[in-house]
Amino acid sequence: MKSLLLSPAIYILLSCGDSNTNVTNNSADTLPKLNTENSVINTDTTLNFEESVEGSLPKDWVAPTGKWSVATEENNKVLKQSAANSGSAFNICVNDKLMYQDLQIQVKLKAVAGKEDQGGGLVWRYTDKNNYYIVRANPLENNVVLYKVENGKRKDLPLVEKGRTYGMDAPMQTGNWHTLKVNVRGNISTVLFDDKELFKVKDDTFKEAGLVGVWTKADAQTYFDELTIQSLK
């Protein structure tokens, strides 16, 4: 089991397994609607999966698309996306109890398989499976890109400082753990990969607080661990 450092600024929340131990994903029809009354807003949190049941979704996590479950990797429990979809299929898994507007969010990820796509990334200001922000790292392309998904359509966003669209080169390697982070304040999102700042993006599409989670595309099969969220007030 991994050790977690507890500081006054961060509250450690362990994602425990629920009673649906045989369920690895929820259909879009069963995904709960965004309900702020049932959500904890702006709680500094680190999520791991050590207390979750292998083969199930962790407690408070929902998966409208893809095949998500807890798996053991190197004697440690992680969240795995194992569906081998294709094309523009977006595999999404979010925590339906935590909401943020301005935040710092970070995750460890390891790309393990995928011929069409690999890697994955972070989701924030999520309102439903068709509307959210995403930043992803892809070892097949060796880059990191930030998108918005609006009404189910994905669009990469222009960079603030570079004056161009698409992302930045980043040496992600299949089979190795990497760290992906984004700092979000208002309409500015700053992206870091392995603690190196890559770029900033400005966009006003989604302004309100939303859920957070992780994401892959098509046949990208990926491990995720140690999702850390800090509210930026």
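Going by the structure above, here's the rest.
This report concerns the structure included in the present document. (Residues numbered from 1 in each chain as written. Predicted model: local features only at pLDDT ≥ 70, side-chain atom pairs only at ≥ 80, totals over all residues. Heavy atoms only, no water.)

1. What about the pairing of strand 6 (residues 76-81)?
As judged from the six bridges shared by strand 5 (residues 68-73) and strand 6, these two strands associate in the antiparallel manner. Within strand 6, the residue paired with Glu73 across the bridge is Asn76. Between strand 5 and strand 6, which pair antiparallel and follow one another directly, the connecting turn spans two residues, one of which, Glu74, has a positive phi of 55 degrees. Examined bridge by bridge, strand 6 and strand 18 (residues 221-231) share three bridges and lie antiparallel to one another. In the sheet register, Leu79 faces strand 18, and the bridge partner there is Phe224. (Pairing = 2+ DSSP bridges. Helix = DSSP H or I, 4+ residues; strand = E, 2+ residues; numbered from the N terminus.)

2. Focus: unusual backbone geometry
Located in the positive-phi region is Asp60, a residue other than glycine, with phi close to 75 degrees. Counting through the fold element by element, Asp60 comes out in the loop between strand 3 (45-47) and strand 4 (61-62). On the accessibility criterion, Asp60 (28% relative accessible area) is partly exposed. In this structure, Asp195 is a non-glycine residue whose phi angle is positive, near 70 degrees. Taking relative accessible area as the criterion, Asp195 reaches 59% and is therefore assigned exposed. (Buried < 20%, exposed > 50% of the residue type's maximum accessible area, 1.4 Å probe, protein only.)

3. As for the environment of Val201
As for its placement among the helices and strands, Val201 is situated in strand 16 (residues 196-202). In this structure Val201 comes out as buried when scored by relative accessible area, which is 2%. With residues near it in sequence (within four places) discarded, Val201 still touches Leu146, Leu157, Pro158, Leu159, Val160, Asn187, Ile188 and Ser189. (Contact = heavy atoms within 4.5 Å.)

4. Regarding the side chain of Asp44
One can find Asp44 in the loop between strand 2 (40-41) and strand 3. Of the polar contacts made by the side chain of Asp44, one reaches the backbone nitrogen of Ser231; its length is 2.8 Å. (Polar contact = N/O pair within 3.5 Å; in protein donor to acceptor, adjacent residues only side chain to side chain.)

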